[in-house]
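Residue-level listing of the chains:
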Amino acid sequence: MNYKNYLRWNKLPHIWCPGCGHGIVLGAFLRAVAQRELNKDDVAVVSGIGCSSRAAGYVDFNTLHTAHGRAIPFATGIKLSRPDMKVIVLTGDGDATAIGGNHFIHAARRNLDLTVIVFNNNIYGMTSGQFSPMTPHINFATTAPHGNFDYPFDLVELAKGAGATYVARGAAAYPRQLEKAIGQGLDHEGFSVIEAMSQCPTYYGRKNKMGTAEQMLKWQKENATVSSNPGEKIPLGVFVQVERPEYTKLTGQFIDSVSGGK
Amino acid sequence: MSGRFQVEIDPAYCKACRLCIQVCPKKVLAQRADGKAIVENPDDCIGCQLCEWHCPDFAITIKGEKKNG
Amino acid sequence: MAKQLVQGNEACVEAAIAAGVSFFAGYPITPSTEIAEKMAEKLPAKGKVFIQMEDEIASMAAIIGASLTGAKSMTATSGPGFSLMQENIGYAAMTEVPVVVVNVQRGGPSTGTPTLPSQGDMMQARWGTHGDHPVIALAPSSVQETYDLTFEAFNLSEKYMVPVVLLMDEIVGHMREGIELYKPEKIIDRRKPVQSPEEYLPYQTDDSLIPALAPFGQGYRYHVTGLIHDETGFPSNSPKVIEGLVERINKKIDKHADEIITYNSFDVDDADVVLLAYGSPVRSARQVQQAARQEGLKVGLVQMITVWPFPHKVLSQLYRQTEATFIVPELSLGQLADELSKSVPREKILRVNRNDGSLITPAQLDAVVREAVR
Ligand SMILES: Cc1ncc(C[n+]2csc(CCOP(=O)(O)OP(=O)(O)O)c2C)c(N)n1
Ligand code: SF4
Ligand code: SF4
Ligand code: SF4
């Protein structure tokens, strides 16, 4: 199927600003879905709150736009009740790692079969540019007018440490690589995290004098790399891909053993 | 003569961000007066789809024979 | 049917299982923990899911997610955990997803008195989450009632597509009584959509004002959001839609209040004094009321089973009819008495409050009753 058939065209154009990277990430996600010919009825897409989380409304699946940071536990309820469904979480860097950080690490620890795509624009876009746990040190935000003295999370390391069994990073500037990273995450059985670098020209770009969306994309292209020798650049690629018993399978086996398969 | 690929841009969805113009290796695309993208040199398109993949607004469709068969 | 000696919290679990609960998510907290423990023991054996989440916010989220797939879902907590659940209780109210939330009340505020009873969450059960929203709350005063009302909580939530709070308290949760673990007569399941997936509008309702939400993954693809949404389920900022939705989700309960509200009244018709109580204070109240009647004192009792929606109509009618003095025993500084003052004049309400972690004893109440009938 053409990936564009997974869009709810009557809800477009979307609310995102001109040049916002979120649309690019969403496109890469849908192409990965289309390649796998996932049946719309068998997919649930769950999101939190933020510009990125609005993505759920634009895709033609069973969609759930929840509360800020809570997409993963909502998705947990769906997945455990319907292990046969493909459950995908679309979330922002703030949504996933600040208010939702606790849920994120616990779902990773359980190795619940969710595919979590974190749209990382290093800022709170929806609330107009406050710093997030993924805003780089000394960069600017409306709540860090003198520079952000917090140090950020490295999402890949966080996911890895928490027990995610598939962890990758992609970028809007490398849409083909991003699509593949998401696709492999969809294929992986277990908690899969794909950090998708995205640009927010409206707030992050403006606050940090990074210029237009074009310039931000160019920055991404130059400062992130798919090379296995990234040097000082931000590495893109798959960093973790391991097998570990998946949570709904474990729950199922446990139920069978306790109930005698009743 | 028309090229092997057709570049379709739906102005109803285009938000004039210029990303497609920037990423096109063949300078196929340009901006019209209101800022939205248009196809200026259709024959030069090599069907790489970079513009489509970089368009945040799903405004571009590349049609025609895919590269590498 | 033979009676069995059961703890209140256990009775809640037994009833939930008999009602068909298939998903429980929770986080341990005194004095509700036995509910999670029993669920962990019993649900897997029935082929159902128990999950201990990382906190109460997640527990609430998980049961809503599960309920959206059609599963009867529930969580149980106490004061501090109930506070954490509020955001998603609002989400369930807004998106009209049926869930049952058990709150075994303990003393607050904050960590308060984990092992002691309280009724300090009555207002939180009603107004804990932000915005004008509907909720139903039921309060048992005995182990048997805990069993009965747990069914009722599931039935009401499925029928009205609303979160239902079972407002227990530490006394009821921890006491043991002989009860009948009967099979429920009537199990209500949520409505099914009548339209085809193509014509389906998830939040379109008939006169009942109750939507029919299709379970996720059954061919009805739609969108659920906590934002104001129209009949299609998608967000809208239209003043008409905003007004219409908030009004409908509230009216949905108001309109059916007479069906929802249940209470027991004892000897109220000629009463000079009416005791009004819910939960564990009902036990002392009933004892005092019966003793007073035996002495010929015109004392009645109204036991609220439904705390929310509040039985204002019943109580104001009763007041007009009897002009009785209302005595309100409660384990808080007056949440119930204050609510009552919307339908009974303040000067006709005598408060018997206790917030030291002890019960309201019959003796304490009896003294007030005698004072009032004099
Ligand atoms: C409980 C709660 N706290 C705060 C907010 C306000 N809020 C909405 S979106 C958001 C941040 C979103 O940032 P992110 O997840 O990074 O997504 P983005 O908008 O950048 O895509 C915040 C703080 C909220 N909606 N709910
Ligand atoms: S504010 Fe930033 S993240 Fe939000 S839509 Fe605009 S560009 Fe995108
Ligand atoms: S497909 Fe490639 S060559 Fe053709 S217009 Fe798009 S970017 Fe340019
Ligand atoms: S990338 Fe898309 S939205 Fe941006 S200018 Fe090109 S066609 Fe328009």
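Throughout what follows, the structure given in this document is the object of discussion. Note that the structure is predicted; figures quoted are calculated from it, not measured.

This next bit is on the overall build of chain B. Scanning chain B for helices and strands turns up two helices and four strands. Along chain B, helices (α) and strands (β) appear in the sequence β-α-β-β-α-β when read from the amino end. In summary, chain B has a C-alpha radius of gyration of 11 Å against a globular reference of 11 Å for 69 residues, a match within 12%. By its C-alpha atoms, chain B is 35 × 25 × 20 Å across when sized along the principal axes.

Right, let's get into the overall build of chain A. Along chain A, the regular secondary structure elements total nine helices and nine strands. By principal-axis analysis of the C-alpha atoms, chain A measures approximately 65 × 40 × 35 Å. Per-residue burial over chain A gives 63% buried out of 262 residues. Taking contacts inside chain A between residues at least 6 apart in sequence as the whole, the part at least 24 apart equals 70%. One finds the centroid of the 26 positive side-chain charges in chain A at a distance of 4 Å from the centroid of its 21 negative side-chain charges.

Let us now look at a nonpolar patch on the surface. All names here are of chain A. On the surface, Ile 15, Ile 49 and Met 126 cluster together into a nonpolar patch covering about 230 Å² of accessible area. Positionally, Ile 15 belongs in the segment before helix 1 (22–35). What makes Ile 15 partly exposed here is its relative accessible area of 45%.

We now examine the interface of chain A and chain C. Many descriptions give the size of an interface as the accessible area lost when the pieces come together. With 37 residues of chain A in contact, the opposing surface of chain C contributes 37 residues. Contact between chain A and chain C buries roughly 3000 Å² in total, counting both sides, with carbon and sulfur atoms accounting for 61%. In this assembly, chain A and chain C are joined by four salt bridges. Measuring nitrogen to oxygen at the nearest pair gives 2.6 Å for the salt bridge that ties C:Glu54 to A:Arg110.

Every residue close to ligand 4 is listed here: B:Cys14, B:Lys15, B:Ala16, B:Cys17, B:Arg18, B:Cys20, B:Ala37, B:Cys55, B:Pro56, B:Asp57, B:Ala59 and B:Ile60. Along the lines of polarity and charge, the residues of the shell around ligand 4 split into nine nonpolar, no polar and three charged.

Another aspect to go through is the pattern of salt bridges. Per the stated rule, a full pass over the model turns up 38 salt bridges over all chains. Put simply, C:Glu259 and C:Lys159 hold a salt bridge, and the shortest N to O gap is 3.3 Å. Placement of the pair is C:Glu259 in helix 9 (residues 257–260) and C:Lys159 in helix 6 (residues 143–160), with a sequence separation of 100 residues. The structure contains a network of salt bridges with shared partners spanning A:Lys40, A:Asp41, A:Asp60 and C:Arg221.

By nearness alone, 18 residues border ligand 1, and A:Cys51, A:Ser52, A:Gly94, A:Asp95 and A:Gly125 come closest of all. Each of chains A and C places residues near ligand 1. Within the side chain of A:His22, one N or O atom sits 2.9 Å away from an oxygen atom of ligand 1. A:Asn121 places a side-chain nitrogen or oxygen 2.9 Å from an oxygen atom of ligand 1. Here ligand 1 loses 77% of its free accessible area of 590 Å² to cover by the protein chains. It is helix 3 (residues 93–99) of chain A that provides the largest number of residues to the shell around ligand 1, a total of four residues.

Strand order in this open sheet of eight strands is 9(A)-5(A)-6(A)-4(A)-3(A)-1(A)-2(A)-10(C), and the pairing throughout is mixed. Strand pairing shows two members of the sheet lacking a second neighbour, strand 9 (237–241) of chain A together with strand 10 (223–225) of chain C, which therefore form its edges. Ignoring strand direction, the axes of neighbouring strands in this sheet form an average angle of 15 degrees. Sheet analysis places strand 1 (residues 43–47) of chain A next to strand 2 (residues 62–65) of chain A, joined by four bridges and oriented parallel. Bridging across to strand 2 of chain A, A:Val46 finds its partner in A:Leu64.

With that settled, the discussion passes to the packing of helix 1 (residues 8–19) of chain C against helix 6 of chain C. Axis angle and axis distance: for two packed helices, these are the angle between their axes and the distance between the axes, and together they describe the pair. Residues and elements named next belong to chain C. One way to put it is that helix 1 packs onto helix 6 with a least axis distance of 8 Å and a crossing angle of 35 degrees. Note that helix 1 runs across helix 6; the crossing there is right-handed. Residue-level contacts link Gly 8, Ala 11, Cys 12, Glu 14, Ala 15, Ala 16, Ala 18 and Ala 19 of helix 1 to Val 143, Thr 146, Tyr 147, Thr 150, Phe 151 and Phe 154 of helix 6. Of the residues assigned to the contact of helix 1 with helix 6, the class counts are 10 nonpolar, three polar and one charged.

Time to look at the interface of chain B and chain A. Between chain B and chain A, the residue contacts involve 17 residues of the former and 28 residues of the latter. Around 1900 Å² of area is buried between chain B and chain A when both sides are counted, 63% of it from carbon and sulfur atoms. For chain B, the biggest contributors to the area lost against chain A are B:Lys15, B:Trp53 and B:Phe58; these three give 41% of the whole. In this assembly, chain B and chain A are joined by two salt bridges. Here A:Lys4 ties to B:Glu52 by a salt bridge, and the two come within 4.0 Å at their closest N and O atoms. Linking chain B with chain A are 11 residue pairs in polar contact (both at pLDDT 80 or more). Only helix 1 (19–23), helix 2 (50–54) and strand 4 (60–64) of chain B provide two or more residues apiece to the side of chain B that touches chain A. When grouped by side-chain class, the residues that make up the side of chain B that touches chain A number 10 nonpolar, three polar and four charged.

Moving on: helix 4 (residues 79–95) of chain C. The α-helix advances 3.6 residues per turn, and as a result positions three or four apart in sequence lie on the same side. Residue and element names in this part refer to chain C. For helix 4, which comprises 17 residues, the first-to-last C-alpha distance of 24 Å matches the rise-based estimate of 24 Å (1.5 Å per residue) to within 8%. Residue Gln 86 marks the point of greatest curvature in helix 4, where the axis turns by about 45 degrees. Of all 17 residues in helix 4, 13 are buried, a share of seventy percent or more. After helix 4 finishes, the residue Glu 96 shows a positive phi value of roughly 60 degrees.

Time to look at the packing of aromatic side chains. Following the criterion strictly, the structure yields 14 aromatic pairs over all chains and no others. Pairing C:Phe216 with C:Tyr222 gives two aromatic rings, centres 5.6 Å apart and planes at 80 degrees, and the pair type is edge-to-face. Looking at C:Tyr222, the relative accessible area reads 2%, which means it is buried. For the ring pair C:Tyr319 and C:Phe326, a centre distance of 6.5 Å and an interplane angle of 55 degrees mean the geometry is tilted. What makes C:Phe326 buried here is its relative accessible area of 0%. A cation sits over an aromatic face here: A:Lys40 above A:Tyr6, 5.9 Å from the ring centre.

Let us look at the packing of helix 4 (residues 101–110) of chain A against helix 5 (residues 155–162) of chain A. Residues and elements named next belong to chain A. At a minimum axis separation of 8 Å, helix 4 and helix 5 run at an interaxial angle of 50 degrees. Judged on the interaxial angle alone, helix 5 and helix 4 are oblique. On the side of helix 4, the interface is formed by Phe 104, Ile 105, Ala 108 and Arg 109, while helix 5 contributes Leu 155, Leu 158, Ala 159 and Ala 162.

Residues and elements named next belong to chain A. Among the structural elements, Ala 181 can be located in helix 6 (residues 175–187). Owing to a relative accessible area of 2%, Ala 181 belongs among the buried residues under this scheme. Counting along the chain gives 14 residues from Ala 181 to Glu 195, while the straight-line C-alpha distance between them is 9.3 Å. When residues no more than four places from it in sequence are discounted, the contact partners of Ala 181 are Tyr 166, Ala 168 and Ile 194.

Here is what the cut-offs are and how they apply
- Residues numbered from 1 in each chain as written.
- Chains lettered and ligands numbered in written order.
- Predicted model: local features only at pLDDT ≥ 70, side-chain atom pairs only at ≥ 80, totals over all residues.
- Heavy atoms only, no water.
- Helix = DSSP H or I, 4+ residues; strand = E, 2+ residues; numbered from the N terminus.
- Rg over C-alpha atoms; globule rule 2.2 N^0.38 Å.
- Buried < 20%, exposed > 50% of the residue type's maximum accessible area, 1.4 Å probe, protein only.
- Contact = heavy atoms within 4.5 Å.
- Lys, Arg positive; Asp, Glu negative; His and termini not counted.
- Charge placed at Lys NZ, Arg CZ, Asp CG, Glu CD.
- Patch = residues over 30% accessible without salt bridge, like charges linked within 9 Å, V, L, I, M, F, W, Y side chains within 5 Å.
- Areas by Shrake-Rupley, 256 points an atom, 1.4 Å probe, with all protein chains shown as cover.
- Salt bridge = Lys/Arg side-chain N within 4 Å of Asp/Glu carboxyl O.
- Buried area = accessible area lost by both parts, 1.4 Å probe.
- Near = heavy atom within 4 Å.
- Nonpolar A, V, L, I, M, F, W, Y, C, P; charged D, E, K, R; others polar.
- Polar contact = N/O pair within 3.5 Å; in protein donor to acceptor, adjacent residues only side chain to side chain.
- Pairing = 2+ DSSP bridges.
- Axes fitted to C-alpha atoms, helices over the stretch in contact; angles between N-to-C directions.
- Left-handed = near helix turned anticlockwise from the far one by under 90°.
- Expected span 1.5 Å × (residues − 1).
- Bend = angle between axes of the 7 residues up to and from the residue.
- Phe/Tyr/Trp six-rings, centres within 6.5 Å; stacked < 30°, edge-to-face > 60°.
- Lys NZ or Arg CZ within 6 Å of the ring centre and 35° of its normal.
- Parallel < 35°, antiparallel > 145°, perpendicular 65-115°, else oblique.

Treat this as a map of the structure, not an account of what it does.
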